[in-house]
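Listed below are the residues making up each chain.
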Amino acid sequence: MSLVRRATAEDAPEVLRLRQVMIDSVFSADGSTAWHAASLPTVRARLADPQGSFAAFVVDHPERPGALAALVAGTVEYRIGRAENPHGAVGHVFSVATDPDARRRGYARACVETLLDWFRERGVPQVDLNASAAAEPLYASLGFVRKPDPSMRLSL
């Protein structure tokens, strides 16, 4: 039996907590969690829709009932097709996080593998993610490769 399960609406506060763990470990942020209250209803709604284009997979914390040990989230987006992807489905992996006291147990790998299976079930031929230097070996072992990235962003 797998330790990984699909996150539910009831997991939303813990999903946000682990998202904050990821943010704090990757970005030089102030660590503020004030945004969690505004995000909580949206996260609950997304987790409550099992047919939607968003999914999160988690592992329950083995020593802390009600807490999560690991998280991965992903979404399927549509882009106009091209030769390598005529139907235009693109998966995105994000918010890969493991509680600091539950690391080095394979939880993140198991969550990512489950998310990749979810993408395969939906016919998604391409999956993208942004990797920190520390996480790159995990993703490379799963078949991800670095690509030249001409990404730009505008904040509105």
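Fair warning: this is a prediction, and the values are worked out from it, not measured in the lab.

Focus on the environment of Arg64
Following the sequence through the fold, Arg64 ends up in the loop between strand S2 (54–60) and strand S3 (68–78). The partly exposed category is assigned to Arg64, whose relative accessible area is 30%. Taking the C-alpha atoms as reference points, Arg64 and Arg46, separated by 18 residues in sequence, lie 25 Å from one another. What Arg64 contacts, discounting residues up to four positions off in sequence, is Arg17, Asp99 and Asp101. Within polar-contact distance, the side chain of Arg64 engages the side chain of Asp101 at 3.0 Å.

Some words on the packing of aromatic side chains
For any pair of aromatic rings, geometry is given as the distance between the ring centres together with the angle between the planes. By the definition in use, this model includes three aromatic pairs. Pairing Tyr139 with Phe144 gives two aromatic rings, centres 6.0 Å apart and planes at 75°, and the pair type is edge-to-face.

Remarks on the nonpolar core
Counting 24 residues, the largest nonpolar core has Phe57, Val59, Val72, Val96, Leu115, Phe119 and Tyr139 as the members making the most contacts within it. Looking at this core, the elements with two or more residues in it are S2, S3, strand S4 (89–98), helix H3 (107–121) and helix H4 (136–141). Counting residues per element, this core draws most heavily on H3, at eight residues. Leave out the neighbours within four places in its chain, and Val59 touches Leu3, Val4, Leu68, Ala69, Ala70, Tyr107 and Cys111. Ala12, Ile23, Phe54 and Ala56 belong to the second-largest nonpolar core, a separate cluster that totals 18 residues.

Concerning the pairing of S4
Of all ten residues that make up S4, nine are buried, and the element is covered over most of its length. Where S3 and S4 come together, eight bridges link them in antiparallel fashion. Looking across to S4, one finds that Glu77 is bridged to Val90. Pairing between S4 and strand S5 (residues 126–129): four bridges, direction parallel. Counterpart to Gly91 in the pairing with S5 is Val127. For the crossover that starts at S4, traverses H3 and ends in the parallel S5, the hand is right-handed.

About the thresholds
Residues numbered from 1 in each chain as written. Predicted model: local features only at pLDDT ≥ 70, side-chain atom pairs only at ≥ 80, totals over all residues. Heavy atoms only, no water. Helix = DSSP H or I, 4+ residues; strand = E, 2+ residues; numbered from the N terminus. Buried < 20%, exposed > 50% of the residue type's maximum accessible area, 1.4 Å probe, protein only. Contact = heavy atoms within 4.5 Å. Polar contact = N/O pair within 3.5 Å; in protein donor to acceptor, adjacent residues only side chain to side chain. Phe/Tyr/Trp six-rings, centres within 6.5 Å; stacked < 30°, edge-to-face > 60°. Core = buried A, V, L, I, M, F, W, Y, C linked by side-chain atoms within 4.5 Å. Pairing = 2+ DSSP bridges. Right-handed = clockwise from strand over helix to strand, strands pointing away.

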